[in-house]
Amino acid sequence: MPTIRWTENGSARTAPWHSENAAPPPAEVVVVDDRTTAKSAYRLARAGTGLLWRGDFHNARQLMRAMERLFDRRRRKAPVGDDPATLFLAHRAERAERADLLGKLLVRLEPDHSLDLRRAPDVRAACAHAYGSAAGEMCVSLPELLGVLSAYQWHQKGVEVAALGARVFPDYGVFSPIRGEYIDLVARAPWPTGVAEPRVFDLGTGTGVLAAVLARRGAQVVATDINRRAVACARTNSDRLGLADRVRVVEADLWTSGRADVVLCNPPWIPARPTSDLELGVYDADSGMLHRFLDGLTEHLTPRGEGWLVLSDLAEHLGLRTRAELLARIDNAGLRIVARDDTSPRHPRAADVTDPLHAARSQEVTSLWRLAAQN
């Protein structure tokens, strides 16, 4: 692991540095505490200095929020015009800049993953869930630690899935199925003609929620994911739901061997480069996963089989992909469209008029494309 260095009480100190988004360790680190003002912290962070917090935990959170407010007041003006792709890229750049700034606020985890700060919560279980068993001290950014705590709460509480009548429990680093509308599309899609109990491939299974929905409908499912956390998460959820005999989860880079009556894929919807593993569920550089699914589909389908593609058209409204490009890609892969079922998003951001991307989000439609080999 990379190492950070600082001086404290006249002594040189070091600790391993951990970052889930692969952020490099700050080259310079200073110790800060409750006496540090937001303006001072903001100025140091903007200069690239890491701020190792040694004060009250709740004050650290307040300092982070104050630094964020300073950033929002001093950020660059939004680009003139209404080109959605420009707005999207500017929005991402602003978020990355904010994350880099706030990520300079650091905390040190003790060898047992505890946090030795006044009024600090017990973070050991959450850190063990995210990082694995404690193996010595390390430093992380405060925003990352707060994300770990939030993810652990989601993991403990679970996400209610109406189509299952049960909860799915996401692990840290695995995309949470909070958008139920796309799950409903899969739950109501008819099996291919003449197929009663299909064999299904679920590519990029994540939490395994869609594999579970189809298994409940009578399918035998092979679910794949390249993310080891997702593989473990999907297996655990299948076991909890009593579906271990109908869902087999394997670690694979998209495809598994053989053919299936239904090949399901819910790829990341935005063709942009992810900046961390945590963004892999949202961003798909150059639509790579989408293209690999379409291009490999015919050789993995049974004669009556169908490929089910779950895809939002948000990228089209953002000017990052056109409908004509998608249709051409489907046709060039030797596929035809059997049917398409559409739904509108129900998440709060679709109605948030303060969102810089509201114009695109308000028009978003999520579709299940049923595809088959051309005759």
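Before going into details, it helps to say that this report is about the structure given with it. Please read these numbers as outputs of a predicted model, since none were measured by experiment.

Focus: the overall build of the chain
The helix and strand tally for the chain stands at 12 helices and 15 strands. Relative to the compact-globule value of 21 Å for 375 residues, the chain shows a C-alpha radius of gyration of 23 Å, a close match. Its C-alpha atoms give the chain principal-axis dimensions of roughly 75 × 50 × 30 Å. Per-residue burial for the chain yields a buried fraction of 50% across its 375 residues. In the chain, of all internal contacts separated by at least 6 residues, the share reaching a separation of at least 24 is 68%. Summed over all atoms, the accessible surface of the chain reaches about 17,900 Å², with 49% contributed by carbon and sulfur. The chain carries 49 positive and 47 negative side-chain charges, and their two centres are separated by 3 Å.

Overview of the packing of helix H6 (residues 180–188) against helix H7 (residues 209–216)
At a closest axis distance of 9 Å, the pairing of H6 and H7 adopts a crossing angle of 30 degrees. Between H6 and H7, the crossing angle belongs to the class labelled roughly parallel. Once H6 is placed against H7, the crossing between them reads as right-handed. Listed contacts from H7 to Tyr182, Ile183, Val186 and Ala187 of H6 are Val209, Leu210, Val213 and Leu214.

Concerning the pairing of strand S3 (residues 28–32)
Pairing of S3 with strand S4 (residues 49–53), which is carried by 5 bridges, proceeds in the parallel orientation. Paired with valine 31 across the strands is leucine 52, a residue of S4. Handedness of the crossover joining S3 and S4 through helix H1 (residues 38–46): right-handed.

Comments concerning unusual backbone geometry
Of note, the phi angle at leucine 254 is positive, near 80 degrees, even though the residue is not glycine. One non-glycine residue, aspartate 286, lies in positive phi territory at about 55 degrees. Relative to the elements of secondary structure, aspartate 286 occurs in the loop between strand S12 (260–265) and helix H9 (288–296).

What about the packing of aromatic side chains?
Counted under the stated rule, the structure contains 4 aromatic pairs. Measuring from ring centre to ring centre gives 6.1 Å for tyrosine 182 and tryptophan 269, while their planes differ by 85 degrees; the resulting arrangement is edge-to-face. Pair noted here: tyrosine 182 is in helix H6 and tryptophan 269 is in the loop between S12 and H9, with a separation of 87 residues, a long-range link. The class of tryptophan 269 is buried, set by a relative accessible area of 12%. Ring geometry for tryptophan 255 versus phenylalanine 293: centroids 6.4 Å apart, planes at 10 degrees, classification stacked. Of the two residues, tryptophan 255 is situated in the loop between strand S11 (247–251) and S12 and phenylalanine 293 in helix H9; the sequence distance between them amounts to 38 residues.

Here we look at the nonpolar core
Formed by 57 residues in total, the largest nonpolar core has its most connected members in Leu164, Leu214, Val263, Phe293, Leu294 and Trp308. With 7 residues, H7 is the single largest residue contributor to this core. When neighbours within four sequence positions are excluded, valine 263 is seen to be in contact with Phe201, Leu203, Trp255, Phe293, Leu297, His300, Leu301, Glu306, Gly307 and Trp308. Of all hydrophobic cores here, the second largest spans 34 residues; its members include Leu63, Leu102, Cys127 and Tyr131.

Parameters at a glance
Residues numbered from 1 in each chain as written. Predicted model: local features only at pLDDT ≥ 70, side-chain atom pairs only at ≥ 80, totals over all residues. Heavy atoms only, no water. Helix = DSSP H or I, 4+ residues; strand = E, 2+ residues; numbered from the N terminus. Rg over C-alpha atoms; globule rule 2.2 N^0.38 Å. Buried < 20%, exposed > 50% of the residue type's maximum accessible area, 1.4 Å probe, protein only. Contact = heavy atoms within 4.5 Å. Areas by Shrake-Rupley, 256 points an atom, 1.4 Å probe, with all protein chains shown as cover. Lys, Arg positive; Asp, Glu negative; His and termini not counted. Charge placed at Lys NZ, Arg CZ, Asp CG, Glu CD. Axes fitted to C-alpha atoms, helices over the stretch in contact; angles between N-to-C directions. Parallel < 35°, antiparallel > 145°, perpendicular 65-115°, else oblique. Left-handed = near helix turned anticlockwise from the far one by under 90°. Pairing = 2+ DSSP bridges. Right-handed = clockwise from strand over helix to strand, strands pointing away. Phe/Tyr/Trp six-rings, centres within 6.5 Å; stacked < 30°, edge-to-face > 60°. Core = buried A, V, L, I, M, F, W, Y, C linked by side-chain atoms within 4.5 Å.

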